[in-house]
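Notes for the structure review
Take a look at the letters that make up each chain.
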Amino acid sequence: MLRADALRAIYPDLEDRIVVTIMGAVAAELYTLGHRPTFFYLEHAMGLASSMGLGIALAMPRHKVVVLDGDGSLLMNLGALSTLARYRPGNLLHIVFDNESLLSVGGFPTATATGTDLAGVARACGIPRVEEADTPKQLKKVVVDALAGETLTTIVSKVEAVGPKSFHMDLPLLENRFQFKRALEALGE
Ligand SMILES: Cc1ncc(C[n+]2csc(CCOP(=O)(O)OP(=O)(O)O)c2C)c(N)n1
């Protein structure tokens, strides 16, 4: 599955949500589909999108929060899965696009290319619902289910190590940061 196709399939389910993405390819792909003030693209702080999503989900329990993560990013902060499971906010959906690669910096293989099973790690950490979805249709189904429910969910989707031609986003980090904060304040807790 191409991540771009996966994102296109679930974009209608994301566009009215609070979304936090990792940097690089997936951020550019989501941005290209259509930026929303409630989307935050976490530049630089690799591995921390799920931690940021956890904080927002706990602070804003009436709103669904979706995190778009990558295998390299999650591997860099693997303990995040234990912390997510410990607090288990039912309004948090954690989607990991596993391309077995650090694609955004040139495509070096990660540990999922040599056998690490992130869905298995998530289950062992105690995430109450873990799904694997490897086609856009399957992903759409589990995303819709998870957003309709109240159970912390991690979805691991294997995708090809293919990204956009350009990672350029016409939205500076600071502008995104202030716009996102205002959008969340307007939503209220
Ligand atoms: C702490 C830190 N180390 C390294 C980087 C450089 N970096 C940016 S994106 C990236 C790869 C991210 O890999 P993954 O999460 O698998 O996503 P992909 O690029 O494959 O979509 C790296 C190493 C960074 N931004 N921050």
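Report on the accompanying structure.

Turning to the sheet that holds strand β1 (residues 18-21), a few remarks are in order. Within the open sheet, the six strands sit side by side as β2-β1-β3-β4-β8-β7. Their pairing is parallel. The two strands at the open ends of the sheet, each matched to only one other strand, are β2 (39-41) and β7 (129-132). Each adjacent strand pair in this sheet contributes to an overall mean axis angle of 15°, direction not counted. Helix α3 (residues 49-59) contacts β1, β2, β3 (65-70) and β4 (92-98) of the sheet and is inclined by roughly 170° relative to β3.

As a further point, take the packing of α3 against helix α5 (residues 79-87). Contact geometry for α3 and α5: axes closest at 10 Å, N-to-C directions at 15°. On the basis of their axis angle, the class for α3 and α5 is roughly parallel. Considering only the axes of α3 and α5, their crossing is left-handed. Along the contact surface, α3 presents S50, S51, L54 and L58, while α5 presents A80, T83, L84 and Y87. Split by residue class, the contact of α3 with α5 holds five nonpolar, three polar and no charged.

Glancing now at helix α8 (residues 173-187). Helix length check: α8, at 15 residues, gives a terminal C-alpha distance of 21 Å against a target of 21 Å (1.5 Å per residue), a fit within 8%. N176, F180, A183 and L184 are the residues of α8 that are buried. When α8 is viewed along its axis, its buried side chains cluster within an angular range of 95° and face the same direction. Opposite the packed face of α8, turned more than 90 degrees from it, sit the exposed residues L174, R182 and A186. Considering only its buried residues, α8 is in contact with β1, β2 and α3. G188 lies just past α8 and shows a positive phi near 75°.

Now for the packing of aromatic side chains. Following the criterion strictly, the structure yields three aromatic pairs and no others. Relative to Y41, the ring of Y31 has its centre 6.0 Å away and its plane inclined at 80°; by these criteria the two rings are edge-to-face. Here the residue Y31 occupies a position in helix α2 (residues 25-33), and Y41 occupies one in strand β2, the gap between them amounting to 10 residues.

Tracing the chain through its elements places S166 in the loop between β8 (153-158) and α8. The spatial distance from the C-alpha of S166 to the C-alpha of E29 is 9.5 Å, given a sequence separation of 137 residues.

This part is about the pairing of β4. Counting buried positions along β4 gives seven out of seven residues, so the element sits mostly inside the fold. Residues L92, H94, V96 and D98 of β4 are buried on one face, and the alternating residues L93, I95 and F97, pointing to the opposite face, are buried as well. Pairing of β4 with β8, which is carried by six bridges, proceeds in the parallel orientation. Of the residues in β8, the one forming a bridge with F97 is S157.

Taken together, 16 residues lie around the ligand, and H44, G72, S73, S101 and S104 are the ones closest in. One of the backbone nitrogen or oxygen atoms of H44 is found 2.9 Å away from a nitrogen atom of the ligand. The contact in question runs from an oxygen atom of the ligand to an N or O atom on the backbone of G72, over 2.8 Å. When the free accessible area of the ligand is taken as 580 Å², the share hidden by the protein chains comes to 77%. When residues of the shell around the ligand are traced back to their parent elements, those giving at least two are α4 (71-76) and β5 (101-102). Top contributing element to the shell around the ligand by residue count: α4, with four residues. In terms of residue class, the shell around the ligand is built from seven nonpolar, seven polar and two charged.

Calculation rules
Residues numbered from 1 in each chain as written. Predicted model: local features only at pLDDT ≥ 70, side-chain atom pairs only at ≥ 80, totals over all residues. Heavy atoms only, no water. Pairing = 2+ DSSP bridges. Helix = DSSP H or I, 4+ residues; strand = E, 2+ residues; numbered from the N terminus. Axes fitted to C-alpha atoms, helices over the stretch in contact; angles between N-to-C directions. Contact = heavy atoms within 4.5 Å. Parallel < 35°, antiparallel > 145°, perpendicular 65-115°, else oblique. Left-handed = near helix turned anticlockwise from the far one by under 90°. Nonpolar A, V, L, I, M, F, W, Y, C, P; charged D, E, K, R; others polar. Expected span 1.5 Å × (residues − 1). Buried < 20%, exposed > 50% of the residue type's maximum accessible area, 1.4 Å probe, protein only. Arc of directions from axis to C-beta. Phe/Tyr/Trp six-rings, centres within 6.5 Å; stacked < 30°, edge-to-face > 60°. Near = heavy atom within 4 Å. Polar contact = N/O pair within 3.5 Å; in protein donor to acceptor, adjacent residues only side chain to side chain. Areas by Shrake-Rupley, 256 points an atom, 1.4 Å probe, with all protein chains shown as cover.

Functional significance is not addressed by these values, which are geometric in nature.
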